[in-house]
Amino acid sequence: MECSEEDIFTIAGYDLDWKLVGRRLISDQKVRDIEREGSSERDKREMMLLEWKKTKSHDATYQALVEVLRTIGNNATADHVKELKKMSRPRGENTSVKELKGRYCNLKSAKVDFPPVPKFSFTYLALIKDTTQTCRSPLFYNTIQGSIDDIIEKKVTITYEELFKHVSSENRIFLLEGRPGCGKTTLTRKISRDWGEGTILSCVKYLFLIPLRQFHTTPITDLSSILEYFALSTLQTEISGNAGHGVCFIFDGLDEYSQKYTADGRSWFEQLLRGEVLTSSIIMITSRPNASVQLRESVDTRGEVLGFLKEQIDEYIDKSYSNNPSKASEVKAYLHKHQNIQHMCYVPLHLVMIIFIYNTCEEDKAPLPKTETDVYHLFTVMSLVRYYRKMGKNVVLNQLKSLPSSELSLFLSICKLAYNTTVSSKTFISLHDVNDEFSISDIANLGIIIADQKEGLTGGEPILSFVHLTNQEFLAAYHVSTLPPDEQLKAIREHIGQPHMGVVLKFFCGITGLQNPDHWTSILDNALIGEDDVKKVNLKALHCVFESQKRQRCSELFSKASGELNIKNETLTLLDYCVVGYCLESASDAVKSITLWCPLTAEGLEIIVQKLTRSIESVTELQ
C-alpha cells in the first residue's frame, strides 16, 4: 500500500537516521540538497520522505520503507511503520488536504477583474529584508513614495523562490510589509496556488489563507475560529496535538484586522502571531508597515513587497505591447515626460491602471493624465463607462459631474461613504455603514467598490471595500468638493488638514484647482512653517499646488513665505523632485532662497535643473 502523506508527517517524528534511510530511498544528490536546505533533524526527515513519495509515487509503500529500516537495523521504527500501515486504509490523499489544494489551484491572481491584470504581472513582485544595503542606493529611493507606508531602512532584494529557502522550524514566522497596491494579496494568492499545485512548501500538509478583513467583526479567538471558517473543524485535535506541525497560516492584511490587540492582555491571535501557541506552525503575515510595528521584534524574517523597480516597469510595458513595440516606446516616452506619473508605476496596481488609461485615452482621442488626480479621475470615469457598457448602454462620459441623475446620486453616496470611512481610518465597509442608501446589487458592477464574498469554504456575508486605498481617498476628496463652500472649508480645517488625510487634501486641490480663495488661505495657514513673521514653504504646500496645476498659486505661495523654500530632514522621492521643480519654475521671480537639508540624488537634481529657468548648467553647480 502506498504510504500516505499524513503518515509521512507522523513517521518524520520517529527516531530514524534520515541520511542512512535517504541514501536507500532517494538519490545521493537529493540527500546533499536536503542537508543544505533543511534546518532541524525533523525537517530533514520530512523533506527526505516527501521527496521519496514524490519521486517514487505508487512505489513509495509502507513495505518498502519497513524493509529499508530493517536493513539498517532500526527494527523499532520498522515496527511502528507496520502499525501505521494496519491503521491506514487505501484512501489516497487526505480529504481535507484535497479540499484545500483543489480550492487554491483555482485561485485567481487578483480578487477583481478590473483593471485588467495580465497573467504575468505577479512574477515581478520583489521581497526585501534588512541587510547592509546603503540607504543612498537607487534601490532605496525607488522603493519609497513619500508616505507613511515607506520603510526607511536598509534593503536587499530576494526572489520569490529564495523566500521559501528560509522556511524552517527555527525560521517560521514571516512578516511581509508593503504599501497599498504593491501586491501583498497577489503574493499570498500565488503562494497558496503554488502550494495547491505542489510546487512549493512540500513540508506543509495544511495551508490556510485567511483574509483578515473578513474577521473585522468576528475576531479570531482560537484555532476553531479559523477551522470553522474553512468548514474543517474535524482537524482541531490533529493540529493542536502536533502543535501546528505541518500547518501554514497565511494572514493577509493585518492592517484590516481591527481586533488584533486586547486591552486586558494578549489575545490568542496575537499569541499565535508572536509564536507562543501552535509553536511548530509556519506563519506568514502581510500588512501595511504602519500597522505592524508592534510585531516586528517577534518575527523571524521581515520583508517588504516592493512592487516594481524601474527595469520591471519597462519589462511589464514591453510584455503588454509585445505585438506593438513602437507603442511600448510611446508609453515609455510619456512616462519619461511625466516623471510624477512614472513614479506612481512603482506600485503595480498603478501601472496596470495607467496602461489601461493610456489605451483608452488614445482610443477616445482624449488628453492623457498629467497628475495623480487626473489618473484617478479618469480611472473612476472609465470604471463607470465599463459598468454602463455591461448594462448595454453606449454612454460617452468625460466628467464625473455629467453622470445621469439617478447614477450621480448613487455615485455621490459612495463618495460620502468613502469620506466617512477615511476620516475614521477604515479600509473596509460593513453593511451597517451602508444602511439603506443603496443595495449591494446596486454597486457590485460599478468597479468602484468590491463586494468580496467570504473566501472560506463556508460562504457568508460579503465584505465591502474600495478597489484601492488611494481610490477611496480620491472619492473622499470628491465628496468634499461637492459640498457647499462653507462646509468645504470646515472639512479642510477639521479633517482633511490632518496628517492622515494628506492624500485627500492633495486630491481636493487637484479636483477644485484651488479656485476658492478662502480654501487657499486655509491651506496656506496649515502648510507653511516657521514663526509668524518668517514663513517658509514646505513640501506639503508644494504638493497641493502641483496637483491643482495652477502656476499662479506658486508665486502666491512663495510671496506669502518671503520667497523661501525650506525642506529639512525629508527623504525626497522622484515625485518630490518633480513637484519642487514645477513650483520653482512657475514662481522663479518670487523665489529668493532654496534650502534642502536632506540627502539628494543626481537623478532628482537633474529634474530640478531641467525645470529651473535660471543659469544653472550642471548638477555639480547646483550641488
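In what follows, the structure referred to is the one given above.
Please read these numbers as outputs of a predicted model, since none were measured by experiment.

A. Region of the structure containing the pairing of strand β6 (residues 282–287). Here β6 lies mainly inside the structure; six of its six residues are buried. Alternating residues of β6 divide into Ile282, Met284 and Thr286 and Ile283, Ile285 and Ser287, and every residue in both groups is buried. Direction of pairing for strand β3 (residues 173–177) relative to β6: parallel, over a ladder of five bridges. Along β6, the bridge assignment pairs leucine 175 with isoleucine 285. Summarising the sheet, strand β5 (residues 247–252) and β6 pair through five bridges and their orientation is parallel. Residue pairing in the sheet places phenylalanine 251 in a bridge with isoleucine 285 of β6.

B. Highlighting the layout of surface pockets. The space that makes up the second largest pocket amounts to roughly 1,300 Å³. Taken together, 44 residues make up the lining of the second largest pocket; nearest its centre are Met47, Ile200, Leu201, Ser202 and Cys203. Elements represented by at least two residues in the lining of the second largest pocket include exactly α3 (28–37), α4 (41–56), α9 (160–165) and α10 (184–196). Tallied by class, the residues present in the lining of the second largest pocket amount to 13 nonpolar, 14 polar and 17 charged.

C. Local environment of helix α14 (residues 310–320). Listed in full, the buried residues belonging to α14 are Gln312, Ile313, Tyr316 and Ile317. The buried residues of α14 occupy an angular sector of 140 degrees when projected down its axis, which confines them to one face. In this structure, the buried side of α14 is in contact with α15 (325–337), α16 (339–344) and α17 (348–364).

D. The arrangement of unusual backbone geometry in detail. In the Ramachandran plot, leucine 514 falls in the positive-phi region, its phi being about 50 degrees despite a non-glycine side chain. Backbone geometry places glutamine 549, a non-glycine residue, at a positive phi of 55 degrees. The residue glutamine 549 is located in the loop between α26 (539–548) and α27 (551–560) in this model.

E. Region of the structure containing the pattern of salt bridges. What the rule picks out here adds up to 16 salt bridges. With a shortest N-O distance of 2.8 Å, arginine 302 and glutamate 177 are connected by a salt bridge. You can see arginine 302 sitting in strand β7 (residues 301–305) and its partner glutamate 177 sitting in strand β3, a full 125 residues away along the chain. By relative accessible area, glutamate 177 is classed as buried at 0%. Salt bridges sharing partners connect three or more residues here, namely Lys19, Glu35, Glu41 and Lys44.

F. The nonpolar core, seen in detail. Core analysis: the largest hydrophobic core is formed by 94 residues, its most contacted members being Ile317, Phe411, Leu475, Leu542 and Phe558. When neighbours within four sequence positions are excluded, leucine 542 is seen to be in contact with Val537, Leu557, Phe558, Leu565, Val579, Val580 and Cys583. Val97, Leu254, Leu272 and Ile282 belong to the second-largest nonpolar core, a separate cluster that totals 56 residues.

G. Inspection of the packing of α15 against α17 at higher detail. Between α15 and α17, whose axes approach to 12 Å, the crossing angle comes to 110 degrees. As summarised for this structure, α15 and α17 are arranged roughly perpendicular, according to the angle between their axes. Contacts from Lys327, Glu330, Val331, Tyr334 and Leu335 of α15 reach α17 at Ile354, Tyr358 and Glu362. Residue classes in the contact of α15 with α17 are distributed as five nonpolar, no polar and three charged.

Quick notes on the rules
Residues numbered from 1 in each chain as written. Predicted model: local features only at pLDDT ≥ 70, side-chain atom pairs only at ≥ 80, totals over all residues. Heavy atoms only, no water. Buried < 20%, exposed > 50% of the residue type's maximum accessible area, 1.4 Å probe, protein only. Helix = DSSP H or I, 4+ residues; strand = E, 2+ residues; numbered from the N terminus. Pairing = 2+ DSSP bridges. 1 Å grid on protein atoms, 1.4 Å probe; cavity = no way out; pocket = protein on both sides within 12 Å on 5 of 7 lines; lining within 4 Å. Points joined across faces, edges and corners; volume = space filled by probe spheres on them. Nonpolar A, V, L, I, M, F, W, Y, C, P; charged D, E, K, R; others polar. Arc of directions from axis to C-beta. Contact = heavy atoms within 4.5 Å. Salt bridge = Lys/Arg side-chain N within 4 Å of Asp/Glu carboxyl O. Core = buried A, V, L, I, M, F, W, Y, C linked by side-chain atoms within 4.5 Å. Axes fitted to C-alpha atoms, helices over the stretch in contact; angles between N-to-C directions. Parallel < 35°, antiparallel > 145°, perpendicular 65-115°, else oblique.

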